[in-house]
Amino acid sequence: MQMTAQAPARLKRDRKRRILVLSAGGIQSGIQALYIGMNNGDWSILSNVFSPYPKKVRELIEQLNETQKPVKLSELGWLEYKISMLFLESATTALAQTPKSLSKPSVVVMNKLTLWKGPTGENLQQSNWDLTLGDAQFIASFMNTPVLTNFIRHNILAGGPGILPSFSGNLKIAGDMAGINIFLNIGLVSRIHIIDTSSSELLFESDTGPGTVLIDKCAREAHCPDGIDRDGTLSSKGKVNTECLELLAQEAWFKKPSPKQASVDSFCFILENTVLDKLNSVDRLATVTALTAKTIYDFYVREYTLNLLPETLWVSGGGSNNFALIDYLSAYFDPIPVKSVEKLGIPADMKVPLTLGLTVDAYLNGIAVPWESGNNPKIDPLANWVLP
């Protein structure tokens, strides 16, 4: 694989870039393709496409990422191939939605599918690494466009915790806002950013606890269509068991201080708690949905110490479509208004790729990447370049 540590010079000079972001989501998600037009710092969404994973892809991802059951090498090879083709199909579909004069991106930003991320070594403490799928060289060569990729792995190598760079992108999105704003992305795991726009300061960012991972598991047990309580219809019919909710919210992980990170399987043990056994499947789903909202709010209360009330809680990710979950969040955070990022003209499931794309644009403009990208000065702090 041909790598270079430096961005092509023409990209740095160009202030009217077109950035195609390809981002792989979790098990119940798919490939997000977001095409962004930049014009001297201003941005616009040219097109966006969401391509759900086919059933066999979902099953293999779950087998590898969640259950850790062994798979054949041929199945792993097929999955790598299929994910690469899904990336390409999503890219070509997104570009086909734009005029021909705009259909050539300046750069492709590729967030690969992460199968696993965590500590390695004999004591599981010696180092961190990630396992990803998606062939960036294939995308670069087919599209004849430089690709920037391996963000999480490069972050680990740079001494960081293994996260996607996001600060510059979030700050750009919050550019015209007043005061302090909360950005909450609810994927399988919930992650929060709190930004003071008056000082252009990231107050903190961290995972807060489960997003939809436990909700999805309970939805499958309750026989929801497609195994997802997508809009919260079923959970809204259940009754939250307050005693059970309070007990589950006392788990040790939730008490850890910011910043912290979670993986898809960090919270699966919660569903094994015997206090849930007395609940029927619908009440269990309602209680677990409320748990996601409560752990987000409890984290905010512990970590946010300023006297100034934030202006808005902006919600994105698949969980933002769950109206029951949003109702719980609104009740907990009152009087802070809870709004979807769609109010900002951002598709709810495109916030993460948009933030990543805007961060890359700032990076190409020479804006320094903050502490989130690690502390190893020998490593370029953002990602790896793959050239056609």
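Everything discussed here concerns the structure shown above.
Residues numbered from 1 in each chain as written. Predicted model: local features only at pLDDT ≥ 70, side-chain atom pairs only at ≥ 80, totals over all residues. Heavy atoms only, no water.

Engineer: Outline the overall build of the chain, supporting the account with residue identities and numerical values.
Structural biologist: The helix and strand inventory of the chain stands at 12 helices and 14 strands. Taking 21 Å as the expected radius of gyration for a compact globule of 388 residues, we find that the chain reaches 20 Å, a close match to that expectation. If one aligns the C-alpha atoms of the chain with their principal axes, the spans along those axes are about 60 × 55 × 45 Å. When each of the 388 residues of the chain is scored for burial, the buried share is 54%. Considering only residue pairs separated by 6 or more positions, the chain has 70% of its internal contacts joining residues 24 or more positions apart. Seen as two clouds, the 36 positive and the 38 negative side-chain charges of the chain have centres 7 Å apart. (Helix = DSSP H or I, 4+ residues; strand = E, 2+ residues; numbered from the N terminus. Rg over C-alpha atoms; globule rule 2.2 N^0.38 Å. Buried < 20%, exposed > 50% of the residue type's maximum accessible area, 1.4 Å probe, protein only. Contact = heavy atoms within 4.5 Å. Lys, Arg positive; Asp, Glu negative; His and termini not counted. Charge placed at Lys NZ, Arg CZ, Asp CG, Glu CD.)

Engineer: Provide a residue-level description of the pairing of strand 10 (residues 189-196), including the pertinent values.
Structural biologist: Within strand 10, eight of the eight residues are buried, which leaves it mostly tucked inside the rest of the structure. Alternating positions in strand 10 separate into two faces, Val-189, Arg-191, His-193 and Ile-195 on one and Ser-190, Ile-192, Ile-194 and Asp-196 on the other, with burial throughout. Note that strand 9 (residues 180-186) and strand 10 share seven bridges and pair antiparallel. In the strand pairing of strand 10, Phe-183 is matched with His-193. Count of turn residues in the strand 9/strand 10 antiparallel hairpin: two residues. Between the end of strand 10 and the start of strand 11 (residues 201-210), which pair antiparallel, lie four residues, with Ser-200 showing a positive phi angle near 50°. (Pairing = 2+ DSSP bridges.)

Engineer: Any chance you could break down helix 12 (residues 351-364) for me, citing the residues and the numbers?
Structural biologist: Taking 1.5 Å of rise per residue, the 14 residues of helix 12 would be expected to cover 20 Å, and the 20 Å separating its terminal C-alpha atoms lies within 8% of that figure. With 13 of 14 residues buried, helix 12 lies mostly within the body of the structure. After helix 12 finishes, the residue Gly-366 shows a positive phi value of roughly 90°. (Expected span 1.5 Å × (residues − 1).)

Engineer: Can you break down a nonpolar patch on the surface residue by residue, with the values?
Structural biologist: Taken together, the side chains of Trp-129, Leu-131 and Leu-157 present a nonpolar region at the surface, about 260 Å² in accessible area. For Leu-131, the location among the structural elements is in strand 7 (residues 127-133). (Patch = residues over 30% accessible without salt bridge, like charges linked within 9 Å, V, L, I, M, F, W, Y side chains within 5 Å. Areas by Shrake-Rupley, 256 points an atom, 1.4 Å probe, with all protein chains shown as cover. Salt bridge = Lys/Arg side-chain N within 4 Å of Asp/Glu carboxyl O.)

Engineer: Could you give me a rundown of the nonpolar core, with the residues and numbers involved?
Structural biologist: Of all hydrophobic cores here, the largest spans 48 residues; its most connected members are Ile-194, Leu-214, Phe-267, Leu-313, Leu-329 and Phe-333. Of all the elements in the fold, those that place two or more residues in this core are strand 9, strand 10, helix 7 (213-221), helix 8 (242-248), helix 9 (252-255), helix 10 (281-303), strand 12 (312-316) and helix 11 (323-333). The dominant element in this core, judged by the number of residues it contributes, is helix 10, at eight residues. Ignoring anything within four residues of it in the chain, the contact list for Leu-329 reads Leu-184, Ile-186, Ala-293, Ile-296 and Val-338. Grouped together as the second largest cluster of nonpolar side chains are 34 residues, Leu-34, Ile-156, Leu-202 and Leu-382 included. (Core = buried A, V, L, I, M, F, W, Y, C linked by side-chain atoms within 4.5 Å.)

Engineer: Report on the side chain of Ser-106, specifying residues and quantitative values.
Structural biologist: As for its placement among the helices and strands, Ser-106 is situated in the loop between helix 3 (73-96) and strand 5 (107-111). When residues no more than four places from it in sequence are discounted, the contact partners of Ser-106 are Arg-10, Leu-11, Asp-14, Arg-17, Arg-18, Thr-145 and Pro-146.

Engineer: So what about the side chain of Asp-216? Which residues, and what values?
Structural biologist: By the element assignment, Asp-216 lies in helix 7. Buried charge Asp-216 goes without a salt bridge, the closest partner of opposite sign being Arg-220 at 5.3 Å. Excluding residues that lie within four positions of it along the chain, Asp-216 makes contacts with Gln-28, Leu-188, Gly-227 and Ile-228.

Engineer: If you had to explain the packing of aromatic side chains to someone new, which residues and values would you point to?
Structural biologist: With the rule as written, the count across this model stands at 10 aromatic pairs. Each ring, one from Trp-253 and one from Phe-267, has its centre 4.9 Å from the other, and the planes form 90°; the classification is edge-to-face. Of the two residues, Trp-253 is situated in helix 9 and Phe-267 in the loop between helix 9 and helix 10; the sequence distance between them amounts to 14 residues. Among the residues examined, Phe-267 registers a relative accessible area of 1% and is labelled buried. Chaining the aromatic ring pairs together yields one cluster made of Tyr-297, Tyr-300, Tyr-304, Tyr-332 and Phe-333. Against the face of Trp-78 rests Lys-56, its NZ or CZ located 4.3 Å from the ring centre. In this structure, Lys-260 packs its charged tip against the face of Trp-253, placed 4.2 Å from the ring centre. (Phe/Tyr/Trp six-rings, centres within 6.5 Å; stacked < 30°, edge-to-face > 60°. Lys NZ or Arg CZ within 6 Å of the ring centre and 35° of its normal.)

Engineer: For the sheet that holds strand 12, give the residues involved together with the corresponding values.
Structural biologist: Pairing is mixed across the open sheet formed by five strands, whose spatial order is 11-10-9-12-13. The open sheet has two edge strands, strand 11 and strand 13 (338-340), and neither has a second partner. Adjacent strand axes in the sheet meet at a mean angle of 25° when their direction is disregarded. Lying over the sheet, helix 10 contacts strand 9, strand 10 and strand 11, oriented at roughly 145° with respect to strand 11. (Axes fitted to C-alpha atoms, helices over the stretch in contact; angles between N-to-C directions.)

Everything listed is a geometric property; what it means functionally is a separate question.
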